[in-house]
Number of protein chains: 4
Amino acid sequence: MLDDLRHAAARRMAGRASARLQLACKRLLSEGAELNGMGAASEIIDRIEDLDDEQLDRFFGWMATALGPDPAAVLRAAQAYAQEPSAAHQITLTAAAAPPRQELLRRMNRRPGGTAAVLRLRRALLARLRERPEHAGQWAAIEADLLHLLTSWFNPGFLQLRRVDWNSPAQFLEKIIHHEAVHAIDGWDDLRRRLLPDRRCFAFVHPQLSDEPLIFVEVALVPEMPAAIAPLIEKGSLPLPPDRFRVAAFYSISNCEPGLRGVSLGNFLIKTVAVQLQRELPQLKRFCTLSPIPGFAPWLLQRPDFASLPGIRRAAVPSLQAAHERLLALTGGELQALQGAALHARLGAEDDQALVRLAAAYLAYASPTPAGDAVARFHLDNGARLERLNLRGNLSPRGLKQSFGVMVNYLYDLDKVEASHDRFRAGEVVRSRELAALL
Amino acid sequence: MLDDLRHAAARRMAGRASARLQLACKRLLSEGAELNGMGAASEIIDRIEDLDDEQLDRFFGWMATALGPDPAAVLRAAQAYAQEPSAAHQITLTAAAAPPRQELLRRMNRRPGGTAAVLRLRRALLARLRERPEHAGQWAAIEADLLHLLTSWFNPGFLQLRRVDWNSPAQFLEKIIHHEAVHAIDGWDDLRRRLLPDRRCFAFVHPQLSDEPLIFVEVALVPEMPAAIAPLIEKGSLPLPPDRFRVAAFYSISNCEPGLRGVSLGNFLIKTVAVQLQRELPQLKRFCTLSPIPGFAPWLLQRPDFASLPGIRRAAVPSLQAAHERLLALTGGELQALQGAALHARLGAEDDQALVRLAAAYLAYASPTPAGDAVARFHLDNGARLERLNLRGNLSPRGLKQSFGVMVNYLYDLDKVEASHDRFRAGEVVRSRELAALL
Amino acid sequence: MLDDLRHAAARRMAGRASARLQLACKRLLSEGAELNGMGAASEIIDRIEDLDDEQLDRFFGWMATALGPDPAAVLRAAQAYAQEPSAAHQITLTAAAAPPRQELLRRMNRRPGGTAAVLRLRRALLARLRERPEHAGQWAAIEADLLHLLTSWFNPGFLQLRRVDWNSPAQFLEKIIHHEAVHAIDGWDDLRRRLLPDRRCFAFVHPQLSDEPLIFVEVALVPEMPAAIAPLIEKGSLPLPPDRFRVAAFYSISNCEPGLRGVSLGNFLIKTVAVQLQRELPQLKRFCTLSPIPGFAPWLLQRPDFASLPGIRRAAVPSLQAAHERLLALTGGELQALQGAALHARLGAEDDQALVRLAAAYLAYASPTPAGDAVARFHLDNGARLERLNLRGNLSPRGLKQSFGVMVNYLYDLDKVEASHDRFRAGEVVRSRELAALL
Amino acid sequence: MLDDLRHAAARRMAGRASARLQLACKRLLSEGAELNGMGAASEIIDRIEDLDDEQLDRFFGWMATALGPDPAAVLRAAQAYAQEPSAAHQITLTAAAAPPRQELLRRMNRRPGGTAAVLRLRRALLARLRERPEHAGQWAAIEADLLHLLTSWFNPGFLQLRRVDWNSPAQFLEKIIHHEAVHAIDGWDDLRRRLLPDRRCFAFVHPQLSDEPLIFVEVALVPEMPAAIAPLIEKGSLPLPPDRFRVAAFYSISNCEPGLRGVSLGNFLIKTVAVQLQRELPQLKRFCTLSPIPGFAPWLLQRPDFASLPGIRRAAVPSLQAAHERLLALTGGELQALQGAALHARLGAEDDQALVRLAAAYLAYASPTPAGDAVARFHLDNGARLERLNLRGNLSPRGLKQSFGVMVNYLYDLDKVEASHDRFRAGEVVRSRELAALL
């Protein structure tokens, strides 16, 4: 009973904090606050920081329901516009359909620290949605508005490309170490190796948040398209002299700002970096990636039905089935054994062949579907070509777990990315001859 | 006949150029071009540059009609949302109501040089509208979208305040000279005086256009609230030592980018500068303007009906009429004679009083209406207070012409701007005691 | 008599000011002040500023006599070193021979503002020497020490080359306008033309005085070696596109800091700029000057004895005499008439030839002697080659006055400057074939 | 025998390399090379890099003997100057006494990379002298010239003070970690703590070597004069809020460039930093150090004769002897046992007192002599005051070894440093009342 009382008190408190915040929001949305309203905006920014989970839930609930467009007004405007699609009607319609929520966020963004506050708000929203997925339906409108606005504010045209090297501020580098998500950086010495002259790192920063990398990519300058990750991230390796650079291999790309989830930055980053490297180093002949295939092992372990892969030729199915069975036989029906280094080390040439063929089919046929490999979908949608599979690309526990050690190169031919992208959207995975032969 | 043929040929050419441009726009709007589509965007940016007037008209016509939202789709979405205002329906509605035109401009903006191109496009639109006002109705939707997007992109939160001084790049200063619209800068020596330590100049720049001032303000640091402009812009004057600074007087504010018309930057600029000066120079006690009243003479010459001024007390009308008649008598019924220096020099104390009273009434009563003085409306809406009238503030031909030489100080009290703004929006002009007494 | 009293009082005052300054100098030279002595140094720097002419004279007199090395100590050290030239004796000798004056200046230089103060001191010394040449003998030792130290401190290795363009700070550009000594810059518009992309300007700055150009050079990028100055400094000319740049012509070089007279910076500047331009613009094929010959007219007007020109071949003398007589005949014995535009305009082809031949002889034979043309001596000593004479190079009043309108190109071939310099020091003027033929 | 042959061959090679280098030096010293001579200078810079030990020895031998002043010429000049100390004779003398070696180094310094090359040369010289002390006599003249020139080039007036913080380039910070000589920095996390807002670090850099710290100092901002080092360098400690800063404690100062040994930078650095901190943080009331006493234990272990300490009062001797005997008794005559933590932990109050008294006597009486503690001599000569002894200041093995754990605070009172310095030079150690009482 005491608990009940406490709970009720807490709820009242939460209610009050949330009510005050709503009031500040209304003030900021009021007519004059477009230009003034510094106080209201700062209050909102400060108050949001202090909300606990329950208060946040109330606040998001209010934003979702109270700050949408007025249904009756929109309907009137839509009817008028449907009757006569004049400019005047269109303007009325656009205004009526715009959720006040967007205007609120825009006004917050106008204040010093506002952009960062909106990012924090979205981080909080995404975090709450993970914990309380039952709100997803109601809060989706907030999420849609946030994504819309952040996409506009973090427009690549407004971002700055920054070369990251050993001359960069330590606090910037510290964030690089922290956010590297693909091949973890093991402290400052490891980072240092990755910034020597035959490695490059570039980040996008936003002018208002310029001490923060938003996203960064790591590149190895090498003589040939790389087949394995270990040599690229070997701490003790000696740097290659520039006259031997031929290939720029993007081997890692990491987002730093969870509040920007869904805002496309990686594709622009890769292309911008490629253009810049080409200009600086005309000796570079190819731009490619060395990428993991995190979806491959999970897919294969689910015993996929090869015949139902979209676009697969009927004639290709039996050989995939044979490959699959070979691996099942090898592992005594326990395919996950292949995720162990011991068994992997004993693979014979035909086992290898079977594994590669299955990976090729997965990437070539499943990628255009939502169930495809996320990394593949990113690069292929970005206009890259499926270039080469590397059987022993990553024999680390993680690499074996994700894809039985297989890695893949995607090739970026800047003259062809638009066409390849269009073909990918039409359901086709553009592939090299080598891969075509394999399939 | 030959002319007709030529004309027809020109029209065909224009048609073709315009058709190619429309094609590029459609390509940029096509699904994949969100991420790729560099070519299309560059093509649009280049092509727009080359359009002649007729081609521009065609292009704007197409943008106005072809790139609006789909009336039927919006109507469906609005009906669904009216029936059940769920998040899902709201998202559908927002998407359906968003004109593809906005997305096109957003995609242009993502490219290097895109922001500048969109600004040029709006300059062209505004220029064409001046020449062809008959298009205003149709093109209003384009204009609304451009204003909406530019307001978001030139968000004060994204702008940088830059101190302009004699250490600034010459090319930046050259633009200051060129764009000063209130009290023309007569070459580099004049500018130099305006940048000595008792004068300040600040500009907003956008990170992507950082060599360009967007708007700038000039400030005089003086011992007292200034009553006349001449001493502030006197080329040969000696700088005041900093220990005598008490008042920061904003004496000129000029926009540099016609493509940003209607995007509110001036109000933020004044407040940001006031905060910065207060921090740097704690000895400053007041922040005010010394402003022209460009609407005063035109208003008075139209023989206004004082009794119909909104909010005027009935008892105040006769004294205004008397003042007016006094001036009419003085000028033999030809009030414009007062715009000449000769007559002005002969004004007696009571004539002065009459003139000041009329100016006070104009500013205090007409300002809340659209017919009010534009400068007054800017500062009052910005939360400033009507502080003091200065009869012989500007005896230059321009000053006499605009307002019979009268100038006005508006006072910025940062703690009160929000309240004053609210009162102004409610129709009230906040005024000093001195001015209240005058009325 | 009153005057005498006043004079005596002034002298006493001067004596006192000077005595206090000497005291501060002694304090700064005292043992501990190497590390501390901030006070003493600042006092000296401040006091020197305030000295009037008489006080300066006293101070310089004291510096000259009281701050030299101790004759007896030096003699002892020199004798010991002569007897046994050991390291120990050498160190003692070096220390004994070093004037305390140098140490004093070094200690001043260690303080904030010290470098600028030493420069002002030298400016004052040079100015006093102009007015009071009778002191030259005594003060020569101060001057020698100042020159020695400034040469070391304004070491080209410590200077920074700065590109000057329309993006440079206005206050820096203002100094460029002010100090241009060869072809005066007529205000900001003129300067602007000289900074367009087919003109270049570079300055040396010192890290401690970085707002000040020390010396700057102006360069025109042109298709051919220029024959006249007017087109290079024509305000209204249109810039040449970069693909037509073939020749970099140094057309003006000006010192900005009189306190650095005699410190060689110009030669390093020209060479550093040439290297930088070559790197930036590989299409440049030649580096040359277009230079005045300020010594030519004065030399010719003094009716030189051609036979005594050093190194002249006897056979060449008669033709020079004939040329001279031709010009005398043309001007009725009043050669200075040729300094007028009117007569110059009437020169015939043979008159031209006579003038050019005389100029060639002057430059080729007189330059290695102190009586030679100062500009020629600068470039030839710097390793340039005498390349081409341009009869109508500068028809401005100044050009006619200096050299009857003749200008000259010196050619910088960076691979040969060292050899040419050595030959010039040996008395030979390296010349082009064309010039050799003329002689 | 084969070895002998090899040896002879190597000697010939060394001879040749050295001969070529000498030739380049002579060329650079030749008349014209002042302005040109780029080739010669670069050749020297390159060649010196490649010399092995034997070649270096030859080269230094040659520099020592061949590049001194000409004894006969100096003697003549000294005699003339002794007879008549005129300016002309003085100039001749200065020129004659200047070793050509200095001019050679100056010309090297003029080239890009020259300053760094001269620093490397001195590092090599100092290293060779450590290995071959028998050369010291002969090479002393080179060393004297290098020190003279480097002192002039690394003039504090030419150096830039740079704040080092977590925003500094990683490569700069890496050098800080590497060169910290007093309290080693244990990796990046340790460094990070030392750069939080209540710690400061400042370095001097030279404009031509700006990626290199020359010397740096670490400062702790604390509420009271610190008595022990451990809390200041504790990695996990929380930063103090700025409103509690009262004392700036310099707890470490390290040189980074061995080639600058003997060039006084530390004293300027401390004072410059103190001035800057005082300006930034007016709440700071005291500037002091927390310093080791590395000479104390070695001095005490040698059983010093207290009566012969310079300046000691006779009456003070017995109590020092008593203190000494107490410690001897405590350690069974093996004083070094006190360098162990175990015995130290058992010290009683009177033992403490004995130890402190001995340390006080050592610092107060021995410091003015060359045998005094080096750190004490640095700070006292720099004008600091002997302020307080801290018995358990540093209980690390190193602290116990150096000084039985005792540390000392020196106080910097900027208004008194000059006077204190003068008194120190006169043999007196300025001390606090507390320390005076102890003595």
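Above this text you will find the structure in question.
Here is what the cut-offs are and how they apply
- Residues numbered from 1 in each chain as written.
- Chains lettered and ligands numbered in written order.
- Predicted model: local features only at pLDDT ≥ 70, side-chain atom pairs only at ≥ 80, totals over all residues.
- Heavy atoms only, no water.
- Least-squares fit on C-alpha atoms with pLDDT ≥ 70 in both.
- Contact = heavy atoms within 4.5 Å.
- Helix = DSSP H or I, 4+ residues; strand = E, 2+ residues; numbered from the N terminus.
- Polar contact = N/O pair within 3.5 Å; in protein donor to acceptor, adjacent residues only side chain to side chain.
- Salt bridge = Lys/Arg side-chain N within 4 Å of Asp/Glu carboxyl O.
- Nonpolar A, V, L, I, M, F, W, Y, C, P; charged D, E, K, R; others polar.
- Buried < 20%, exposed > 50% of the residue type's maximum accessible area, 1.4 Å probe, protein only.
- Pairing = 2+ DSSP bridges.
- Axes fitted to C-alpha atoms, helices over the stretch in contact; angles between N-to-C directions.
- Parallel < 35°, antiparallel > 145°, perpendicular 65-115°, else oblique.

Chemist: Could you give an account of the relation of the copies chain A and chain B, with specific residues and numbers?
Modeler: Mapping chain A onto chain B is achieved by rotating through 180° and translating by 0.0 Å along the same axis, at an RMSD of 0.1 Å. Overall, the copies show the geometry of a two-fold rotation axis. Most of the interface of chain A is mirrored in chain B: 100% of its interface residues are interface residues there too.

Chemist: Residue-level account of the side chain of Gln 339 of chain A, with values.
Modeler: All names here are of chain A. Mapping Gln 339 onto the fold places it in the loop between helix H13 (317-330) and helix H14 (341-345). From its side chain, Gln 339 meets the backbone oxygen of Lys 401 in a polar contact 2.7 Å long. With near-sequence residues (within four places) excluded, Gln 339 lies in contact with Ala 297, Leu 301, Leu 400, Lys 401 and Phe 404.

Chemist: Help me get a handle on the interface of chain C and chain D, residues and values and all.
Modeler: Taken together, the contacts link 62 residues of chain C with 63 residues of chain D. For the pair chain C and chain D, the interface holds zero salt bridges. The interface formed by chain C and chain D holds eight residue pairs in polar contact (both at pLDDT 80 or more) in total. Those elements that place two or more of their residues in the side of chain C that touches chain D are helix H2 (38-50), helix H4 (71-83), helix H5 (87-97), helix H6 (100-109), helix H8 (136-153), helix H11 (266-280) and helix H18 (417-425) of chain C. In terms of residue class, the side of chain C that touches chain D is made up of 27 nonpolar, 24 polar and eleven charged.

Chemist: Tell me about the environment of Gly 113 of chain A, and name the residues and values.
Modeler: Residues and elements named next belong to chain A. Relative to the elements of secondary structure, Gly 113 occurs in the loop between helix H6 (100-109) and helix H7 (114-131). Classification of Gly 113 as partly exposed rests on a relative accessible area of 44%. C-alpha of Gly 113 to C-alpha of Val 205: the two residues are 92 residues apart in sequence and 16 Å apart in space.

Chemist: Report on the sheet that holds strand E6 (residues 385-390) of chain D, specifying residues and quantitative values.
Modeler: All names here are of chain D. If you trace the seven strands from one edge of the open sheet to the other, you get E1-E2-E3-E4-E5-E7-E6, paired in mixed fashion. In this open sheet, the two edge strands, each paired with only one partner strand, are strand E1 (160-163) and E6. With direction set aside, neighbouring strand axes in the sheet form an average angle of 30°. Sheet topology places strand E4 (residues 247-255) next to strand E5 (residues 286-289); four bridges connect them, and they run parallel. Within E5, the residue paired with Ala 248 across the bridge is Phe 287.

Chemist: Summarise the packing of H6 of chain C against helix H7 (residues 114-131) of chain C; cite the residues concerned and give the values.
Modeler: All names here are of chain C. With their axes 7 Å apart at the nearest point, H6 and H7 run at an angle of 135° to one another. Taken together, the axes of H6 and H7 are oblique relative to one another. Touching Leu 105, Met 108 and Asn 109 of H6 are Gly 114, Thr 115, Ala 117, Val 118 and Leu 121, all from H7. Taken together, the residues of the contact of H6 with H7 sort by class into five nonpolar, three polar and no charged.

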